[in-house]
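Here is what each chain is made of, one letter per residue.
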Amino acid sequence: MGLQTGPHLLLLLLGILAFVQRNQGLSCAPCDDVNCDPLDPATCPAGIAVGVCECCTICAKGPGQACGSVFGDTGEKCGTGLRCWRGSRPSHGSRGFCVSEDQIRSLDYADY
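Keep in mind that what you see is a predicted model, and the values were worked out from it rather than measured.

Caption draft 1: Expanded view of the overall build of the protein. If you tally the helices and strands in the protein, you get 2 helices and 6 strands. Across the protein, every contact between residues at least 6 apart in sequence was considered, and the portion connecting residues at least 24 apart equals 28%. When the accessible surface of the protein is summed, it comes to about 8300 Å², and 59% of that surface belongs to carbon and sulfur atoms.

Caption draft 2: Broad picture of the packing of aromatic side chains. One pass over the structure, following the stated rule, counts 1 aromatic pair. Here Trp 85 and Phe 97 contribute two aromatic rings whose centre-to-centre distance is 5.6 Å and whose plane-to-plane angle is 70°, an arrangement assigned as edge-to-face. A residue pair is termed long-range when its members are at least 10 positions apart, and Trp 85 in strand S5 (residues 82-85) and Phe 97 in strand S6 (residues 96-100) qualify at 12 residues. For Trp 85, a relative accessible area of 11% corresponds to the buried category. Of the residues examined, Phe 97 reaches a relative accessible area of 32% and is grouped as partly exposed.

Caption draft 3: Geometry of the pattern of salt bridges. Counting across every chain of the model gives 1 salt bridge. The salt bridge involving Glu 101 is made with Arg 83; its shortest N-O contact spans 3.4 Å. In this pair, Glu 101 is assigned in helix H2 (residues 101-110) and Arg 83 in strand S5, connecting sequence segments 18 residues apart. Taking relative accessible area as the criterion, Glu 101 reaches 35% and is therefore assigned partly exposed.

Caption draft 4: Quick peek at the state of the cysteines. Per the stated rule, a full pass over the model turns up 6 disulfides. Here Cys 36 pairs with Cys 56 through a disulfide, and the sulfurs are 1.9 Å apart. Taking the sign of the S-S torsion, -80° for the link of Cys 36 and Cys 56, the bridge is left-handed. Highlighted residues: Cys 36 in the loop between helix H1 (5-22) and strand S1 (48-50) and Cys 56 in the loop between S1 and strand S2 (57-59), separated in sequence by 20 residues. Judged by its relative accessible area of 35%, Cys 36 falls in the partly exposed class.

Caption draft 5: How the structure looks around unusual backbone geometry. Its identity as a non-glycine residue notwithstanding, Glu 54 has a phi of 60°, on the positive side. By the element assignment, Glu 54 lies in the loop between S1 and S2.

Caption draft 6: The confidence of the model for the protein, seen in detail. For the protein, the average pLDDT comes to 77, and 62% of its residues sit at 70 or higher. When mean pLDDT is compared element by element in the protein, S2 scores highest at 93, while H1 scores lowest at 59. Throughout residues 20-24 the model reports pLDDT below 50, and contacts reaching past four residues in sequence, or to other chains, amount to 1 contact.

Conventions used here
Residues numbered from 1 in each chain as written. Predicted model: local features only at pLDDT ≥ 70, side-chain atom pairs only at ≥ 80, totals over all residues. Heavy atoms only, no water. Helix = DSSP H or I, 4+ residues; strand = E, 2+ residues; numbered from the N terminus. Contact = heavy atoms within 4.5 Å. Areas by Shrake-Rupley, 256 points an atom, 1.4 Å probe, with all protein chains shown as cover. Phe/Tyr/Trp six-rings, centres within 6.5 Å; stacked < 30°, edge-to-face > 60°. Buried < 20%, exposed > 50% of the residue type's maximum accessible area, 1.4 Å probe, protein only. Salt bridge = Lys/Arg side-chain N within 4 Å of Asp/Glu carboxyl O. Disulfide = S-S within 2.5 Å. pLDDT = per-residue confidence, 0-100.

Structure (structure tokens):
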């Protein structure tokens, strides 16, 4: 009698899918292993932020610039006094844009 490959193949594929889904998250190298490029604060009009892996400094995003990432707020960060707005009902992985707190109150109200 031959081995039925259908159920075994299905189980193998489900196992591979589960492994891939679990390992698609953000992965950062230890900061000791990262070489950060020098950053001149004068080239960052919106200020300086810490990068997604929290090892290097980056230029913060200014008003109206895209922010966030598929990993939420860990992506591109807004400058001082700004927040990444994704709408009043953001979806998982949505990107937003940098706005002031006053603008967020207005935008949230306009969403309803």
